[in-house]
Amino acid sequence: MKLTQHMLRIVVALVALIIMGLSSSPIAAQSGADFIVFTSDRTGKVTSHIYKMNTDGSNVKPITTGNSFDTAPDIYVPSNLLVYQSNRATRQIDVYDLFVIDLNTKALKPVQLTRNKGSNVDPSWSPDGSRIAFLSTRTGNLEIFVMDANGKNVQQLTDSADLWISSLSWSPDGDKIYFGAQKVGDAVTNPRNIYTLSVKDKTVQPLTNETREGTGFTAPAVSPKGDMIAVTEFNAGKTSISLLDLSGKPLQHLSVEGYGPVWTGNGDLLFLRSNLEK
């Protein structure tokens, strides 16, 4: 398929970022208006913290500190609110709660949003900033929940014992949540696919239909323009980035090694995580 002007800008920007090495160290990243927040274990200690830097990789500053694992940041840009997962309350390696930080404040004090048994992970702001979608094991399996921005009015949206769910992304209108999942079974060979979840009636529908072993798609990121979805593609043990339309049909495969794509606010740039060095 011929590249549109929009997709051409995405490809050029993405490759340039990899060459500059901006994506070599983050464990997780999320783009704000003119900056990126990301998770790194760069201190050398058995911890991970969230940092902030300019989109050109300069002016790196820590947001979180302490003896904890802080990761999976997401920003609601209009209010400069950062939500993320951390074990700072549980002190258990695999048990997380969700916290929010107002980046407008000097103190950068974390406010705890969840206090439940099980783990609460992968938070994602709704487009209007009123709700947060997240994954939780509080009812047994890892399921999708939503709550108000203050942590109240928690609602379970999925009951999918046959799926391993990960990686949430809202549609721009807030009506759907896109997510990656595998059928329960062999995590290595079972194909990965993208699904859609109706927030209103909780209906789950497959968006892609990959059936080959060890292949598929995950980590969907819906463009702010609402015209395409960036995904991580698995094939032959390698990961790369592809673009799909909203029906799940391929638009373009970006020949860049990496995973976990994140859009800038205007939808013209993609950031990703990669092991490539400068």
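Here the structure is a predicted model, which means the values were calculated and not measured.

1. Focus: the side chain of Q112
Part 1 of the reasoning: Within the element layout of this structure, Q112 appears in strand β8 (residues 111–112).
Part 2 of the reasoning: There is a polar contact of 2.9 Å between the side chain of Q112 and the backbone oxygen of T114.

2. Topic: the sheet that holds strand β9 (residues 120–125)
Part 1 of the reasoning: The strand order β9-β10-β11-β12 describes an open sheet built from four strands, whose pairing is antiparallel. Each end of this open sheet is capped by a strand with a single partner; those strands are β9 and β12 (155–156).
Part 2 of the reasoning: Bridge analysis of strand β10 (residues 131–136) against strand β11 (residues 143–148) gives six bridges, and the strand direction is antiparallel. Among the inter-strand pairings, R131 is bridged to a residue of β11, identified as D148.

3. A closer look at the pattern of salt bridges
Part 1 of the reasoning: Under the counting rule described, the total for this entry stands at three salt bridges.
Part 2 of the reasoning: Among the salt bridges present, the one from R88 reaches D70, with a minimum N-O distance of 2.8 Å. Here R88, found in the loop between β6 (81–86) and β7 (97–102), pairs with D70, found in strand β5 (residues 70–76); they are 18 residues apart in sequence, far enough to count as distant.
Part 3 of the reasoning: With a relative accessible area of 0%, D70 lands in the buried category.

4. Re the layout of surface pockets
Part 1 of the reasoning: Space inside the second largest pocket adds up to approximately 170 Å³.
Part 2 of the reasoning: For the second largest pocket, the full set of lining residues is F35, K52, M53, N54, N59, K61, P62, I63, L103 and L108.
Part 3 of the reasoning: Contributions of two or more residues to the lining of the second largest pocket are made by β3 (49–54) and β4 (61–62).
Part 4 of the reasoning: Sorting elements by how many residues they give to the lining of the second largest pocket places β3 first, with three residues.
Part 5 of the reasoning: When grouped by side-chain class, the residues that make up the lining of the second largest pocket number six nonpolar, two polar and two charged.

So, how was this worked out
Residues numbered from 1 in each chain as written. Predicted model: local features only at pLDDT ≥ 70, side-chain atom pairs only at ≥ 80, totals over all residues. Heavy atoms only, no water. Helix = DSSP H or I, 4+ residues; strand = E, 2+ residues; numbered from the N terminus. Polar contact = N/O pair within 3.5 Å; in protein donor to acceptor, adjacent residues only side chain to side chain. Pairing = 2+ DSSP bridges. Salt bridge = Lys/Arg side-chain N within 4 Å of Asp/Glu carboxyl O. Buried < 20%, exposed > 50% of the residue type's maximum accessible area, 1.4 Å probe, protein only. 1 Å grid on protein atoms, 1.4 Å probe; cavity = no way out; pocket = protein on both sides within 12 Å on 5 of 7 lines; lining within 4 Å. Points joined across faces, edges and corners; volume = space filled by probe spheres on them. Nonpolar A, V, L, I, M, F, W, Y, C, P; charged D, E, K, R; others polar.

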